[in-house]
Protein chains: 2
Amino acid sequence: MNTTFIFEQIQRKKSYLCVGLDTDIRRIPSHLQSTDDPIFEFNKQIIEATADFCVAYKPNLAFYESLGAKGWESLQKTLDYIPDDIFTIADAKRGDIGNTSDLYARTFFEHFQFDAVTVAPYMGVDSVKPFLNYPDKFTILLALTSNVGSADFQDLSLESGGRLFEKVLEISQNWADENQLMYVVGATKAEQFAQIRKVIPNHFLLVPGVGAQGGDLEAVSRYGMNSKCGLLVNSSRGIIYAGSGRDFATKAQEASQKMAEEMEQYLDKYL
Amino acid sequence: MNTTFIFEQIQRKKSYLCVGLDTDIRRIPSHLQSTDDPIFEFNKQIIEATADFCVAYKPNLAFYESLGAKGWESLQKTLDYIPDDIFTIADAKRGDIGNTSDLYARTFFEHFQFDAVTVAPYMGVDSVKPFLNYPDKFTILLALTSNVGSADFQDLSLESGGRLFEKVLEISQNWADENQLMYVVGATKAEQFAQIRKVIPNHFLLVPGVGAQGGDLEAVSRYGMNSKCGLLVNSSRGIIYAGSGRDFATKAQEASQKMAEEMEQYLDKYL
């Protein structure tokens, strides 16, 4: 999958929504708990309900790992169930020395066949390069995250000028272009998107933090959109837990449709 | 397990060796490949051969994840097989927003019952705190890693003085003390250990990079040791792949014994 294809899907569905599959076994409606694989059963119904309104799914690996081998199986079945024209992101935030990152890349790109994986930049070039060895896959590098702790290190001013996250944007552009790299930039930092777009005008940004974390979708769209949209805005809890009973899938459909309708307006206005 | 207990084990075994269980299915001797669980069979024999000479085992999660659900089972069996008086480290390099880190902590500390987990600092305080909610467990924060890419960001000079990895050491000391926090500092940076010890005199350091990566054990020990040793020096490939045939366990025993004997000298000299 490449950026042109992603943009085509955005235009077709009039949506740049990514649905985060942060599927927590403790929050699955009780009527599904007795099924063979409650995590997959939940995801299956969420996917059926939301696939018309989103262009990406992002399973958060922590939720699957926490269930051990069984969670791994649920993840595989979920991936197999996602329609082929929808972009899949392993939200794994991995990053290690070369031979280890190489194995992580193989796990997510070959074993699970994800289209993209999120990667932490702290260990530098040789921790990221193994993911870039897959020309048809995307590496989504953490830049400026949506959480409070992003101020601790990402926001630090450097002696050479600029802040750490800006250095991450700058240096990593030597590693690959927008056909292989995307960046995580939190929706809670909407005021910074205009500045970020000066450094990376062409890359897609994966934007968490709308919804439960309080980010502003219109501000993100106004300051962050480029000529190919360039945004994948994620919502996890706001969609998959929009309901908590037997009607959870209908509620998720309504929540995703509502976001997509809002996005359609912003595509008309800012694209 | 606490630092006093770890130090007692170091004194008893006269070793501060950590054996890295980076068990790669492609490097397991051929006579084990036909067993039910080659990864576990290999680890079991490595543990039997090296347990007298080391005080910690560090499975690298990438190697287990790359095998999917089956790898997860091998990891669980490996953990169950490690003697109770040996410190166990999940080399996972995780780190995410609070509710996600919380799940990772639960996976490694509750599900697998590891004593410690490695964590990446890039996302700041709320990505690390969930791991610190376990008072009897250790969080091992990446500070200055052993790879080439550590120069890209960790070594950057900050406007406020010092370098990024020093800021990580400094800020994180507000989060927990040496009874809950350790740091990763690569053996390839031996000349920096004296400076690092000025900032964190009391913490244990997990030191990768001896062996395959070229770090100098004597220099690390001279500049890095404190009054409770304060070092866990890891070797992975240098021990577990010391041999490649039917005698792999004997070769691993010899390699770990050789390192322990060298460590005994440094304990006499520098403790």
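The structure presented is a predicted model; accordingly, all values stated were derived computationally and were not measured. (Residues numbered from 1 in each chain as written. Chains lettered and ligands numbered in written order. Predicted model: local features only at pLDDT ≥ 70, side-chain atom pairs only at ≥ 80, totals over all residues. Heavy atoms only, no water.)

A. Geometry of the packing of helix H10 (residues 217-224) of chain A against helix H12 (residues 248-270) of chain A. Residue and element names in this part refer to chain A. Two numbers describe how H10 lies on H12: the axes approach to 10 Å, and their chain directions differ by 30°. Considering their axes alone, H10 and H12 lie roughly parallel with respect to each other. H10 and H12 meet at a crossing whose hand is right-handed. Counting all contacts with H10, which are made through Leu217, Glu218, Ser221 and Arg222, the residues of H12 involved are Met259, Glu262, Met263, Tyr266, Lys269 and Tyr270. Tallied by class, residues from the contact of H10 with H12 come to 5 nonpolar, 1 polar and 4 charged. (Axes fitted to C-alpha atoms, helices over the stretch in contact; angles between N-to-C directions. Helix = DSSP H or I, 4+ residues; strand = E, 2+ residues; numbered from the N terminus. Parallel < 35°, antiparallel > 145°, perpendicular 65-115°, else oblique. Left-handed = near helix turned anticlockwise from the far one by under 90°. Contact = heavy atoms within 4.5 Å. Nonpolar A, V, L, I, M, F, W, Y, C, P; charged D, E, K, R; others polar.)

B. A look at the interface of chain A and chain B. Counting residues at the interface gives 55 residues for chain A, matched by 55 residues for chain B. For the pair chain A and chain B, the two sides together bury roughly 5000 Å², of which 61% comes from carbon and sulfur. Counting the contacts that link chain A with chain B gives 4 salt bridges. Asp96 of chain B is the partner of Lys93 of chain A in a salt bridge, and the nearest nitrogen-oxygen pair spans 2.9 Å. Summed over the shared surface of chain A and chain B, the number is 26 residue pairs in polar contact (both at pLDDT 80 or more). Among the secondary structure elements, those contributing two or more residues to the side of chain A that touches chain B are helix H3 (61-65), helix H4 (69-81), strand E3 (87-94), helix H5 (98-111), helix H6 (125-132), strand E5 (138-144), helix H7 (150-153) and helix H8 (164-172) of chain A. Among the elements that make up the side of chain A that touches chain B, the one with the highest residue count is H5 of chain A (8 residues). Here the residues of the side of chain A that touches chain B are counted per class, giving 25 nonpolar, 17 polar and 13 charged. (Buried area = accessible area lost by both parts, 1.4 Å probe. Salt bridge = Lys/Arg side-chain N within 4 Å of Asp/Glu carboxyl O. Polar contact = N/O pair within 3.5 Å; in protein donor to acceptor, adjacent residues only side chain to side chain.)

C. Spatial organisation of the pairing of strand E4 (residues 116-119) of chain A. Residue and element names in this part refer to chain A. Side chains of E4 alternate between two faces, with Ala116 and Thr118 and Val117 and Val119 buried alike. Taking the sense of rotation as the criterion, the β-α-β connection linking E3, H5 and E4 turns out right-handed. Of the strand pairs in this sheet, E4 and E5 are connected by 4 bridges, and their pairing is parallel. Within E5, the residue paired with Val117 across the bridge is Thr139. Crossover handedness for the path E4 to H6 to E5: right-handed. (Buried < 20%, exposed > 50% of the residue type's maximum accessible area, 1.4 Å probe, protein only. Right-handed = clockwise from strand over helix to strand, strands pointing away. Pairing = 2+ DSSP bridges.)

D. Up close: the sheet that holds strand E6 (residues 181-185) of chain A. All names here are of chain A. Read around the closed barrel, the 8 strands follow the order E1-E2-E3-E4-E5-E6-E7-E8; overall the barrel is parallel. With strand direction ignored, the average angle separating the axes of adjacent strands in the sheet is 30°. Of the strand pairs in this sheet, strand E7 (residues 205-207) and strand E8 (residues 231-235) are connected by 3 bridges, and their pairing is parallel. Counterpart to Leu205 in the pairing with E8 is Leu231. The strands touched by H5 within the sheet are E3, E4 and E5, with E3 carrying the most contacts at an inclination of about 155°.

E. Looking closely at the sheet that holds strand E4 (residues 116-119) of chain B. All names here are of chain B. Spatially, the 8 strands close up into a barrel ordered E1-E2-E3-E4-E5-E6-E7-E8, and their pairing is parallel. Between one strand axis and the next, the sheet turns by 30° as a mean value, whatever way the strands run. Bridge analysis of strand E1 (residues 17-21) against strand E8 (residues 231-235) gives 3 bridges, and the strand direction is parallel. By the bridge assignment for E8, Cys18 is matched with Asn234. Across the face of the sheet, helix H6 (residues 125-132) comes into contact with strand E3 (87-94), E4, strand E5 (138-144) and strand E6 (181-185) while running at roughly 145° to E5. Helix H8 (residues 164-172) rests against E5 and E6 of the sheet, and its axis sits at about 150° to E5.

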